[in-house]
Amino acid sequence: MTLRILLLAASAGLLFVGTAPARTWYVAADGSGDAPTIDAAVDSSSAGDVILVGPGTHDVGSDAGGVFLKVGTSLISEAGPVVTIVQPATGIGQSDVLKVPDACVITGFTIRRAWLATIYAYGNNVEISGNIIEISGGGLGIRVDRVASVHHNVIYGGGDAIVVEFSEGITEINNNIILGRVSKCGGTVLVYCNDVTTASSCVSYGQTNFNLDPIFCGIGNYYLNAASPCAPGNHPNGFDNCGLIGPLPVGCGTVKTEPTTWGAVKALYRD
């Protein structure tokens, strides 16, 4: 059963509990879905709705900034980050790509390039997971202003990878592959089970966090080599309960695929 069918079935089930049913808005790259674009689906959505995004490249936002999700909505890709790309409609000059209020979920995308924050999470209880996040220039990967769970992402490029301005509860940053810094860490922030290339006051090395080449399968291919320290069972400090680090599983190592390094990836995105 496909993800879309499961989500539609879950939405239909709410008809029997006496509340307004949540809706799934399907967005296809060719404009043929329930809404022609992610922006249009967001405009039509309400709390509890799912915006399910099909494979392809999707432009969002405008000169004024990125798209503002509605409270309590979920933005989910149908086929995962390798084939589902979200980018600013106006290029790298756009201030943000996705702006995220309370109780929202963003999962399964490659999210590209913005001037300020690729994802700006200004609400509480936000979940950001399973994404490949590209930072442009001196911008930010993820900016968290309240409380969020940020896990199983790849974040790379110039600027700070994750900035936590303030936390009213506990913000958790775990199981990410991060080329850059985790910075500020205002409030209570737990940072664990990450491969982080740049030391900061927010990150303690030597336990569950480490700084090693994640050994991807190739340039622009973020599947893990079987020898990667981010693969399940390969944690360099023996914390195998961390499991998978990053959004994608092992995809090479016993096949003829040339591994790459963070240095090679970094050179591609140097300004």
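Residues numbered from 1 in each chain as written. Predicted model: local features only at pLDDT ≥ 70, side-chain atom pairs only at ≥ 80, totals over all residues. Heavy atoms only, no water.

## Quick notes on the packing of aromatic side chains
Item 1. Tallied over the full model, the rule gives 4 aromatic pairs.
Item 2. Relative to Y122, the ring of F68 has its centre 6.3 Å away and its plane inclined at 65 degrees; by these criteria the two rings are edge-to-face. Residue F68 is located in strand β4 (residues 67-68), and its partner Y122 is located in the loop between β10 (117-121) and β11 (126-129); the two are separated by 54 residues in the primary sequence.
Item 3. A residue is classified by how much of its surface remains accessible, and Y122, at 31% relative accessible area, is partly exposed.
Item 4. Ring centres 5.0 Å apart and planes at 85 degrees place the aromatic pair F216 and Y222 in the edge-to-face group. (Phe/Tyr/Trp six-rings, centres within 6.5 Å; stacked < 30°, edge-to-face > 60°. Helix = DSSP H or I, 4+ residues; strand = E, 2+ residues; numbered from the N terminus. Buried < 20%, exposed > 50% of the residue type's maximum accessible area, 1.4 Å probe, protein only.)

## Some points on the state of the cysteines
Item 1. Considering all chains together, one arrives at 3 disulfides under this definition.
Item 2. Each disulfide pairs two cysteine sulfurs, and for C193 the partner residue is C242, the sulfurs being separated by 2.0 Å. Here the disulfide of C193 and C242 is left-handed, its torsion about the S-S bond being about -70 degrees. With a gap of 49 residues between them, C193 in the loop between β20 (188-192) and β21 (195-196) and C242 in the loop between β23 (221-225) and β24 (250-252) connect regions that are remote in the sequence. When sorted by exposure, C193 lands in the same class as C242, which is buried.
Item 3. Residue C217 pairs covalently with C252 via a disulfide, S to S 2.1 Å. On the S-S bond that ties C217 to C252, the torsion sits near -105 degrees, and the link is left-handed. Here C252 lies in strand β24 and C217 lies in strand β22 (residues 216-218), a separation of 35 residues in the sequence.
Item 4. On the basis of relative accessible area, C252 is assigned to the buried category, the value being 4%. (Disulfide = S-S within 2.5 Å.)

## A few points about the pattern of salt bridges
Item 1. Applying the stated criterion across every chain yields a total of 7 salt bridges.
Item 2. Two residues, E165 and R143, come together in a salt bridge whose shortest N-O distance is 3.9 Å. Here E165 is found in the loop between β16 (162-164) and β17 (170-174), whereas its partner R143 is found in strand β13 (residues 140-144), with 22 residues between them in sequence.
Item 3. Here E165 falls in the partly exposed class, since its relative accessible area comes to 30%.
Item 4. A salt bridge links K184 to E165, with the shortest nitrogen-to-oxygen separation between them at 3.6 Å. (Salt bridge = Lys/Arg side-chain N within 4 Å of Asp/Glu carboxyl O.)

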